[in-house]
Amino acid sequence: MGQPVERESGETAQPELPPGQRLQRGWPVTHYGPVPKFRPERWEFRVFGATADGGKQCWSHDEFTALPYASVVADLHCVTKFSMLGAEWGGVRARTILEAAPPAPAVTHVMVWAEYGFSSNLRLADFASERAIFATHKDGELLTAEHGFPVRLVVPHLYAWKGPKWVRGIEYMTADRRGFWEERGYHNVGDPWREQRYSYQEEPGDGPEL
Ligand SMILES: Nc1nc2c(c(=O)[nH]1)N[C@H]1C(S)=C(S)[C@@H](COP(=O)(O)O)O[C@H]1N2
Ligand SMILES: [Mo]
């Protein structure tokens, strides 16, 4: 089946859409709840939970945007069946965060936290993907408020709900725990190429008991 092909450039040749997806023109806005207002003086990006040194890491907005900038060309697949292809996401790679504020050896999962308590859980290996990026930009322009400004996560190989908009931090976990949509009927892993849409499709080992 048409798995994305990784090229040396880090770009993806997408021969076809994941099963059940259709192409969407433009870029719809999809989320639960209101769009948060960005207050730079109150904003911080926190790394907490099972960190390697047992401490917490906090970046102000200026500090976060000073972290090394990278870009990744990737598609966005919403579980409601629309896909947007070939966006160029700019921002800070998840790997940069893992290196700057490393997890303890026992960490297996990461909870990504956003404004208003929205969250999504990821296996550490998925979060550590070379292509996972905390995007501040799309196609060279700053994200708009409704698309997640100042920071949203993009994990190209998973459904888009695994990429919270308005991210405020990550929690390193030594066991898996469900995030917002994963508690509400969506698949714990969420691989669009395997069409892992709903929690009733989960197989043993895919996630914690519901
Ligand atoms: N904070 C937050 N992030 C979220 C969501 C949400 O409800 N809250 N929805 C997710 C879903 S289901 C999708 S498809 C994408 C949509 O991103 P877009 O609105 O920029 O297209 O955001 C994801 N990130
Ligand atoms: Mo979605």
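A brief look at the structure comes next. (Residues numbered from 1 in each chain as written. Chains lettered and ligands numbered in written order. Predicted model: local features only at pLDDT ≥ 70, side-chain atom pairs only at ≥ 80, totals over all residues. Heavy atoms only, no water.)

Examining the packing of aromatic side chains
All chains considered together, the criterion is met by 19 aromatic pairs. With centroids separated by 6.4 Å and ring planes inclined at 50°, the aromatic side chains of Trp 43 and Phe 45 adopt a geometry described as tilted. Owing to a relative accessible area of 4%, Trp 43 belongs among the buried residues under this scheme. For the ring pair Tyr 186 and Tyr 198, a centre distance of 5.8 Å and an interplane angle of 40° mean the geometry is tilted. Remark: Tyr 198 occurs in the segment after strand 13 (167–173) and Tyr 186 occurs in the segment after strand 13; sequence separation between them is 12 residues. (Phe/Tyr/Trp six-rings, centres within 6.5 Å; stacked < 30°, edge-to-face > 60°. Buried < 20%, exposed > 50% of the residue type's maximum accessible area, 1.4 Å probe, protein only. Helix = DSSP H or I, 4+ residues; strand = E, 2+ residues; numbered from the N terminus.)

Looking at the sheet that holds strand 5 (residues 57–60)
Taking strand neighbours across the sheet as the criterion, the 5 strands line up as 5-4-13-8-9 in an open arrangement whose pairing is mixed. Of all strands in the sheet, those with a lone pairing partner are strand 5 and strand 9 (119–123), marking the two edges. Strand-to-strand twist in this sheet, taken as the mean axis angle between neighbours without regard to direction, amounts to 15°. (Pairing = 2+ DSSP bridges. Axes fitted to C-alpha atoms, helices over the stretch in contact; angles between N-to-C directions.)

Overview of the pattern of salt bridges
For the structure shown, the criterion picks out 8 salt bridges. Residue Arg 168 is joined to Glu 115 by a salt bridge in which the shortest nitrogen-to-oxygen separation is 3.0 Å. Residue Arg 168 is found in strand 13, and its partner Glu 115 is found in the loop between strand 8 (109–114) and strand 9; the two are separated by 53 residues along the sequence. Its relative accessible area of 23% is what places Arg 168 among the partly exposed residues. Note that Glu 202 is salt-bridged to Arg 178, the shortest N-O span being 2.8 Å. Residue Glu 202 is located in the segment after strand 13, and its partner Arg 178 is located in the segment after strand 13; the two are separated by 24 residues in the primary sequence. (Salt bridge = Lys/Arg side-chain N within 4 Å of Asp/Glu carboxyl O.)

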